[in-house]
Amino acid sequence: MESAEQKSVSGQLDNVRTAIDEIDEEIVALIWRRQRLVRVAGGLKDNDDAVRSPKRMEEVIAHVRHAAQEQDGDCNVVERTYKAMIEAFIDYELKVRHEMETQRKLDAFSRS
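Values in this document were obtained by computation on a predicted structure and should not be read as measured data. (Residues numbered from 1 in each chain as written. Predicted model: local features only at pLDDT ≥ 70, side-chain atom pairs only at ≥ 80, totals over all residues. Heavy atoms only, no water.)

1. Regarding the overall build of the chain
Okay, so step 1: Helix and strand counts for the chain come out as four helices and zero strands.
Okay, so step 2: Ordered by position in the sequence, the α and β elements of the chain form the string α-α-α-α.
Okay, so step 3: In terms of C-alpha radius of gyration, the chain reaches 21 Å, well past the compact-globule figure of 13 Å for 112 residues.
Okay, so step 4: Projected onto the principal axes, the alpha-carbon positions of the chain cover approximately 80 × 30 × 20 Å.
Okay, so step 5: Of all 112 residues assigned to the chain, the portion counted as buried reaches 18%.
Okay, so step 6: Of the roughly 8900 Å² that the chain leaves accessible, carbon and sulfur atoms contribute 55%.
Okay, so step 7: Each charge class in the chain was averaged separately, 18 positive and 23 negative side chains, and the resulting centres sit 8 Å apart. (Helix = DSSP H or I, 4+ residues; strand = E, 2+ residues; numbered from the N terminus. Rg over C-alpha atoms; globule rule 2.2 N^0.38 Å. Buried < 20%, exposed > 50% of the residue type's maximum accessible area, 1.4 Å probe, protein only. Areas by Shrake-Rupley, 256 points an atom, 1.4 Å probe, with all protein chains shown as cover. Lys, Arg positive; Asp, Glu negative; His and termini not counted. Charge placed at Lys NZ, Arg CZ, Asp CG, Glu CD.)

2. Focus: the pattern of salt bridges
Okay, so step 1: Tallied over the full model, the rule gives eight salt bridges.
Okay, so step 2: As a salt-bridge pair, E93 and K45 come within 2.8 Å of each other at their nearest N and O atoms. Of this pair, E93 sits in helix α4 (residues 75-111) while K45 sits in the loop between α1 (4-44) and α2 (48-52), and the two are 48 residues apart along the sequence.
Okay, so step 3: Its salt-bridge partner being K105, residue E101 comes within 4.0 Å of it at the nearest N-O pair. Highlighted residues: E101 and K105, both in helix α4, separated by four residues, approximately one helical turn.
Okay, so step 4: For E101, a relative accessible area of 26% gives the class partly exposed.
Okay, so step 5: For K105, a relative accessible area of 55% corresponds to the exposed category. (Salt bridge = Lys/Arg side-chain N within 4 Å of Asp/Glu carboxyl O.)

3. Description of the confidence of the model for the chain
Okay, so step 1: Here the chain averages 92 in pLDDT, and 98% of its residues register 70 or above.
Okay, so step 2: Mean pLDDT values for the elements of the chain range from 91 in α1 up to 97 in helix α3 (residues 54-70). (pLDDT = per-residue confidence, 0-100.)

4. Topic: the UniProt feature "domain: Chorismate mutase" (unreviewed entry) in the chain
Okay, so step 1: Under the UniProt annotation, "domain: Chorismate mutase" (unreviewed entry) lies at residues 7-97.
Okay, so step 2: Overall, residues 7-97 shows 91% helix and 0% strand. The separation of its end C-alpha atoms is 53 Å. (UniProt positions renumbered as here; feature names shortened; annotations may be inferred.)

5. A word on the nonpolar core
Okay, so step 1: In this structure, V51, M57, V60, I61, I86, I90 and L94 together form the largest nonpolar core, which totals seven residues.
Okay, so step 2: Contributing elements (two or more residues each) for this core: α3 and α4. (Core = buried A, V, L, I, M, F, W, Y, C linked by side-chain atoms within 4.5 Å.)

6. Things to note about a nonpolar patch on the surface
Okay, so step 1: A cluster of nonpolar side chains, namely L13, V16 and I20, defines an oily patch on the protein surface of about 240 Å² accessible area.
Okay, so step 2: Its location among the elements puts L13 in helix α1.
Okay, so step 3: Exposure remark for L13: the relative accessible area of 38% places this residue in the partly exposed category. (Patch = residues over 30% accessible without salt bridge, like charges linked within 9 Å, V, L, I, M, F, W, Y side chains within 5 Å.)

7. Brief notes about the packing of α3 against α4
Okay, so step 1: Contact geometry of α3 with α4 gives a least axis separation of 9 Å together with a crossing angle of 145 degrees. In this structure, the crossing between α3 and α4 has a hand that is right-handed. Packed against α3, whose contacting residues are M57, V60, I61, V64, R65, A68 and Q69, the element α4 presents C75, N76, V78, E79, Y82, K83, I86 and E87 at the interface.
Okay, so step 2: Taken together, the residues of the contact of α3 with α4 break down into nine nonpolar, two polar and four charged. (Axes fitted to C-alpha atoms, helices over the stretch in contact; angles between N-to-C directions. Left-handed = near helix turned anticlockwise from the far one by under 90°. Contact = heavy atoms within 4.5 Å. Nonpolar A, V, L, I, M, F, W, Y, C, P; charged D, E, K, R; others polar.)

The structure is reproduced here in structure tokens:
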């Protein structure tokens with residue numbers, strides 16, 4: 001049988017987990033918004049090197065580290081999270097770029 005203290009801790013943990021779930025839903029909505037923009041960017045870039053741009057990755061990491069510092073967050077957690085996210089978006093953007101490139105070739109072929 002749980003003591004009153006264990007029930008209190010368990011209830012607090014449930015509340016924290018509920019709050020985390022709500023934040024995760026907000027994060028997913030923001031990731032989806034970012035994904036739509038990445039899709040547009042993928043169509044505007046001429047080659048895979050432009051997608052993989054290490055310089056841009058450094059700029060993004062510097063920007064989010066600064067944002068974390070401004071909010072007294074852990075810069076290392078933010079950097080590691082963003083590096084993983086950026087890698088996933090690079091893969092997505094390459095896929096989008098290749099699909100668009102293939103479609104342009106098919107469109108050009110069908111017009112000839």
